[in-house]
Amino acid sequence: METFPTWSPDGRMLYFCRSKAANKQTPLDSIHYDLYRIPFHEEDESFGTPECVYNASSENKSISFPRISPNGQYLMFTCSDYGNFSIWHPESELYLLNLETNKIRNMKEVNSDDVESFHTWSSTENWFVFSSKRLDGLWAHPYIASFDSQTGFAAKPFLLPQKDPDFYLNFTKTFNLPELITAPVTNKDALIRQNRNNKETVSWKTK
């Protein structure tokens, strides 16, 4: 089983998660995904041989959401005990792979005692945002942290500020897939309608 494909910035390598095939009798807690990559040859649009980058299953761990930094030096991923739906795993944490040295480390400076899940880099690589349930253990909220590409370490994360200081106490919805963008969305309502019924065609407009 393969999932979560992501291209390297130069388009020459495709990273993805791979697990042994499962069936209806396979216990969920026995499914573990490893990190793989496969070279892509633009000249003839062919792929090379898959290579295991991180054998998480040998440690009874499972990875999901590999995301490569804009300069191609780092790959951040979520590590949990099994499966790939990390938003339901209190033990899930963010890990960082240095693609130049192949060293992997737990990002203890940003992880908490509860869920850390989906994450995405900023276009400058100086920041990243991720979902965490550290606030109340129920709802995933967007946390932002600065990142030093020279040292490979992040600063203390902070919750995305809101105009209303009690916003997160009353907002009973989950931020599963936070993304950082370079311009504000000006046609929010139209995009929401399109996402709900998929009947309208709308364009992305930015200031």
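On a predicted model such as this, the values are computed, not experimentally measured, just so you know. Along every chain, residues carry numbers that run from 1 in the direction the sequence is written. Per-residue local features are limited, in this predicted model, to residues with pLDDT of at least 70; the limit for side-chain atom pairs, both in listing and counting, is 80 or more; totals at the level of whole chains, interfaces and linings are taken over all residues. Remark: hydrogens and water are excluded; side-chain values derive from all non-hydrogen atoms of the structure.

A short note on the overall build of the protein
Logical step 1: Starting at the N terminus, helices and strands are each numbered in turn, a helix being any DSSP run of H or I of at least four residues and a strand any DSSP run of E of at least two. Across its full length, the protein carries two helices and 14 strands.
Logical step 2: Only the C-alpha atoms count toward the radius of gyration. The rule for a globule is 2.2 Å times the residue count to the power 0.38. On C-alpha atoms alone, the protein measures out to a radius of gyration of 18 Å, which is about the 17 Å that the 2.2 N^0.38 rule sets for 207 residues.
Logical step 3: Exposure is judged per residue with a 1.4 Å probe applied to protein chains only, and the accessible area is read against the type maximum: over 50% gives exposed, under 20% gives buried, and values in between give partly exposed. Across the 207 residues that make up the protein, the buried fraction comes to 39%.
Logical step 4: Contact between two residues is taken to exist if any of their heavy atoms lie within 4.5 Å; hydrogens are not considered. Long-range pairs, those at least 24 residues apart, make up 40% of the contacts in the protein between residues at least 6 apart in sequence.
Logical step 5: When the accessible area of the protein is evaluated, it comes to approximately 12,500 Å², of which 51% is carbon and sulfur surface. Per-residue and other accessible areas follow the Shrake-Rupley method at a 1.4 Å probe size, with only the shown protein chains counted as cover for residues.

Quick notes on the pattern of salt bridges
Logical step 1: Should a side-chain nitrogen of Lys or Arg be within 4 Å of a carboxyl oxygen of Asp or Glu, the pair is scored as a salt bridge. All chains considered together, the criterion is met by six salt bridges.
Logical step 2: Between Arg-67 and Glu-179 there is a salt bridge, with its nearest N and O atoms 3.9 Å apart. Residue Arg-67 is located in strand S6 (residues 62-68), and its partner Glu-179 is located in the loop between helix H1 (167-170) and helix H2 (188-197); the two are separated by 112 residues in the primary sequence.
Logical step 3: One salt bridge connects Arg-134 with Glu-116, and the closest N-O pair in it is separated by 2.9 Å.

Focus on a nonpolar patch on the surface
Logical step 1: On the surface, Trp-127, Phe-158 and Leu-180 cluster together to form a nonpolar patch covering roughly 260 Å² of accessible area.
Logical step 2: Assignment of secondary structure puts Phe-158 in strand S14 (residues 158-159). Without a salt bridge and with relative accessible area above 30%, a residue can belong to a patch; like charges are then joined within 9 Å and nonpolar side chains (Val, Leu, Ile, Met, Phe, Trp, Tyr) within 5 Å.

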